[in-house]
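What follows is the residue order along each chain.
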Amino acid sequence: MADGAVSPAVGVVGPASVPPASDAAEPASVPQAEGTVEPAPGQPGVGGQTEVPGERAEAAGESAGGGPARKRSAGRTRAVPEPPPVLDDAELRGALEAILLVVDEPVSELTLAQVLEQPAERVGPMLDEIAAGYTAAGHGFELRRAAGGWRLYTRPEYASYVERFVLDGQSVRLTQAALETLAVVAYKQPVTRSRISAIRGVNCDGVIRTLVSRGLVEECGTESDSGAYLYKTTIMFLEKLGLNSLDDLPPLAPFLPDDVEELADATR
């Protein structure tokens, strides 16, 4: 360059060297800055992709919950079962009393708890409280444990009135022989028919059949030595006598003769 020539000023644009625009050229991909307006729902966004409104709302809702977005599997949504309602003491008492009024046999605490959908730890103490309340109030009936469950019974002091009203000579009573045989089975069980006959001094085959048909006695296996059938009392026996177990049977000692040991040896 010759001295004194003026150099072009900085920033002066020279001749345009931009190539001519082509119809096939793709538009430049411009990154979207924060705060820019997104395309309307259903309209193509950047790059030609379409965003479904439901997916955006679901992702926003899950993100707002404070956790990462989770995908839902169609058809795998399980309904959480509602816990059973907790009954207060008054409702639990009333429900138990209503059930006990209609049962025809002793019902266990576990069965009552399952029916009422309440913890068994509440049912047992409530039954004890109801029984104590009936006794304290002097009702003509009582709530009693019998045959492994609970049932309402009339009080023994009113038995004569109940018998006069309910029985009135219409029920078939057990004979003396049947009562004696039943007592032998109750205190000696399991016991064979030959052993019962030896204790009573008479054949008891017919009486045993009667007791079995009444549901008071049942077979419970065979004797290992002789193969003879063994008999025991049933749950109905405990229910009819109002006993919870055989341990509640009254002791025999006050009713036995003085020479009972000699009699026992003689029957062996």
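Quick caveat: nothing in here was measured; it's all calculated off a predicted structure.

Scoring rules and cut-offs
Residues numbered from 1 in each chain as written. Predicted model: local features only at pLDDT ≥ 70, side-chain atom pairs only at ≥ 80, totals over all residues. Heavy atoms only, no water. Helix = DSSP H or I, 4+ residues; strand = E, 2+ residues; numbered from the N terminus. Buried < 20%, exposed > 50% of the residue type's maximum accessible area, 1.4 Å probe, protein only. Contact = heavy atoms within 4.5 Å. Pairing = 2+ DSSP bridges. Phe/Tyr/Trp six-rings, centres within 6.5 Å; stacked < 30°, edge-to-face > 60°. Lys NZ or Arg CZ within 6 Å of the ring centre and 35° of its normal. Polar contact = N/O pair within 3.5 Å; in protein donor to acceptor, adjacent residues only side chain to side chain. Expected span 1.5 Å × (residues − 1). pLDDT = per-residue confidence, 0-100. Axes fitted to C-alpha atoms, helices over the stretch in contact; angles between N-to-C directions. Left-handed = near helix turned anticlockwise from the far one by under 90°. Nonpolar A, V, L, I, M, F, W, Y, C, P; charged D, E, K, R; others polar.

Section: the overall build of the protein
- Helices and strands together make up the secondary structure of the protein, namely 10 helices and 5 strands.
- Across the 268 residues that make up the protein, the buried fraction comes to 20%.
- In the protein, of all internal contacts separated by at least 6 residues, the share reaching a separation of at least 24 is 45%.

As for the environment of T111
- On the secondary structure map, T111 appears in helix α3 (residues 109-116).
- Measuring from C-alpha to C-alpha, the distance between T111 and V123 comes to 10.0 Å, with 12 residues separating the pair along the chain.

Points about the pairing of strand β4 (residues 217-222)
- In the sheet, β4 pairs with strand β5 (residues 229-233) via 4 bridges, with the strands oriented antiparallel. Residue T222 lies in a different strand from β5, and its bridge partner there is Y229.

Let's talk about the sheet that holds β5
- Ordered in space as β3-β5-β4, the 3 strands form an open sheet in which the pairing is antiparallel. Both edges of this open sheet fall to β3 (191-192) and β4, since each of them pairs with a single strand only.

A closer look at the packing of aromatic side chains
- By the definition in use, this model includes 1 aromatic pair.
- On the basis of an interplanar angle of 75° and a centroid distance of 5.0 Å, the ring pair of Y134 and F141 is categorised as edge-to-face.
- Using a relative accessible area of 11% as the deciding quantity, one classes Y134 as buried.
- Residue classification places F141 among the partly exposed residues on the basis of a relative accessible area of 33%.
- Residue placement shows R144 over the ring face of Y153; its charged tip is 4.5 Å from the ring centre.
- Taking the ring centre of Y153 as reference, the NZ or CZ of R151 above it sits at 5.8 Å.

Thoughts on the side chain of E142
- Looking at the secondary structure, you find E142 in strand β1 (residues 141-146).
- Polar side-chain contacts of E142 include one of 3.1 Å to the side chain of R155.
- If we ignore the near neighbours within four places in the chain, the residues touching E142 are Y134, R151, L152, Y153, T154, R155 and P156.

Things to note about helix α6 (residues 176-188)
- For α6, built from 13 residues, the straight-helix expectation of 18 Å at 1.5 Å per residue is met to within 8% by its first-to-last C-alpha distance of 18 Å.
- Among the residues making up α6, those that are buried are A178, T181, L182, V184, V185 and A186.
- As for α6, its buried residues are in contact with β3, α7 (193-200), α8 (205-213), β4, β5 and α9 (235-241).

Re the confidence of the model for the protein
- In the predicted model, the protein carries a mean pLDDT of 76, and the fraction of residues at 70 or more is 64%.
- Low pLDDT (under 50) marks residues 1-18, which in the prediction has 0 contacts with non-local residues, meaning those over four places away or in another chain.
- Predicted confidence for residues 61-69 stays below pLDDT 50, and this span has 3 contacts to residues more than four positions away or in other chains.

As for the packing of helix α2 (residues 89-102) against α3
- Their axes nearest at 11 Å, the elements α2 and α3 cross at an angle of 115°. Taken as a pair, α2 and α3 cross one another with a handedness that is right-handed. Along the contact surface, α2 presents L92, A95, L96 and I99, while α3 presents L112, V115 and L116.
- For the contact of α2 with α3, the residue count by class is 7 nonpolar, no polar and no charged.

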